[in-house]
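Topology and contacts: notes
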Amino acid sequence: EKILMGAGGAIEPYWYLYRQHFASDLPLNLLSKMLIGQLHPADQDRIDEQMENVTEHTPDPYEHEPQRNSQLIVHGDTPM
């Protein structure tokens, strides 16, 4: 449902929510094979500005995570 909200627009705000995309180079490597063009620099600047707003003004979706069991091996503060 949330993924479909990004249809026809920038995917970056949704990647911010689903942060596993930033955990490795694999997603970008897979997508690079499907590249169909480059954004005009002005359009990329607009998206970069929107992403700054998203990261500054969007609450952390993981800030209310439950306390983790101390016996678990934790590799990061957020999923993935």
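Before reading further, recall that the structure is shown in the block above.
Just so it is clear, the structure is predicted and the values come from calculations on it, not from any experiment.

The rules behind the values
- Residues numbered from 1 in each chain as written.
- Predicted model: local features only at pLDDT ≥ 70, side-chain atom pairs only at ≥ 80, totals over all residues.
- Heavy atoms only, no water.
- Helix = DSSP H or I, 4+ residues; strand = E, 2+ residues; numbered from the N terminus.
- Buried < 20%, exposed > 50% of the residue type's maximum accessible area, 1.4 Å probe, protein only.
- Areas by Shrake-Rupley, 256 points an atom, 1.4 Å probe, with all protein chains shown as cover.
- Lys, Arg positive; Asp, Glu negative; His and termini not counted.
- Charge placed at Lys NZ, Arg CZ, Asp CG, Glu CD.
- Expected span 1.5 Å × (residues − 1).
- Arc of directions from axis to C-beta.
- Contact = heavy atoms within 4.5 Å.
- Salt bridge = Lys/Arg side-chain N within 4 Å of Asp/Glu carboxyl O.
- Patch = residues over 30% accessible without salt bridge, like charges linked within 9 Å, V, L, I, M, F, W, Y side chains within 5 Å.

Digging into the overall build of the protein chain
Helix and strand content of the protein chain: three helices and zero strands. In the protein chain, the succession of α and β elements from N to C terminus is α-α-α. Across the 80 residues of the protein chain, 11% fall into the buried class. Accessible surface, the protein chain: about 7200 Å² in total, of which carbon and sulfur atoms supply 56%. A gap of 8 Å separates the mean positions of the 5 positive and 13 negative side-chain charges of the protein chain.

Observations concerning helix H3 (residues 41-57)
Taking 1.5 Å of rise per residue, 17 residues should cover 24 Å, and H3 covers 24 Å from first to last C-alpha, within 8% of that figure. Every buried residue of H3 is accounted for by Ile47, Met51 and Val54. Taken around the axis of H3, the buried residues stretch over an arc of 55°, which confines them to a single face. Facing away from the buried surface of H3 by more than 90 degrees, the exposed residues are Pro41, Asp45, Glu49, Glu56 and His57. Next to the buried residues of H3 lie helix H1 (12-17).

A closer look at the environment of Ile47
Topologically, Ile47 is positioned in helix H3. Sequence spacing of Ile47 and Glu12 is 35 residues, and the spatial spacing of their C-alpha atoms is 8.2 Å. Setting aside anything within four residues of it in sequence, one finds Ile47 in contact with Ala10, Glu12 and Leu39.

Some thoughts on the pattern of salt bridges
One pass over the structure, following the stated rule, counts one salt bridge. Between Asp43 and Arg46 there is a salt bridge, with its nearest N and O atoms 2.6 Å apart. Highlighted residues: Asp43 and Arg46, both in helix H3, separated by three residues, approximately one helical turn.

Details of a nonpolar patch on the surface
Residues Ile11, Leu26, Leu28, Leu30, Leu31 and Met34 make up a contiguous nonpolar surface patch of roughly 570 Å² in combined accessible area. Positionally, Leu31 belongs in helix H2 (residues 26-32).

Quick notes on a negative patch on the surface
Together, Asp45, Asp48, Glu49, Glu52 and Glu56 give the surface a local cluster of negative charge. Summarising the element assignment, Asp45 is placed in helix H3. Judged by its relative accessible area of 52%, Asp45 is exposed.

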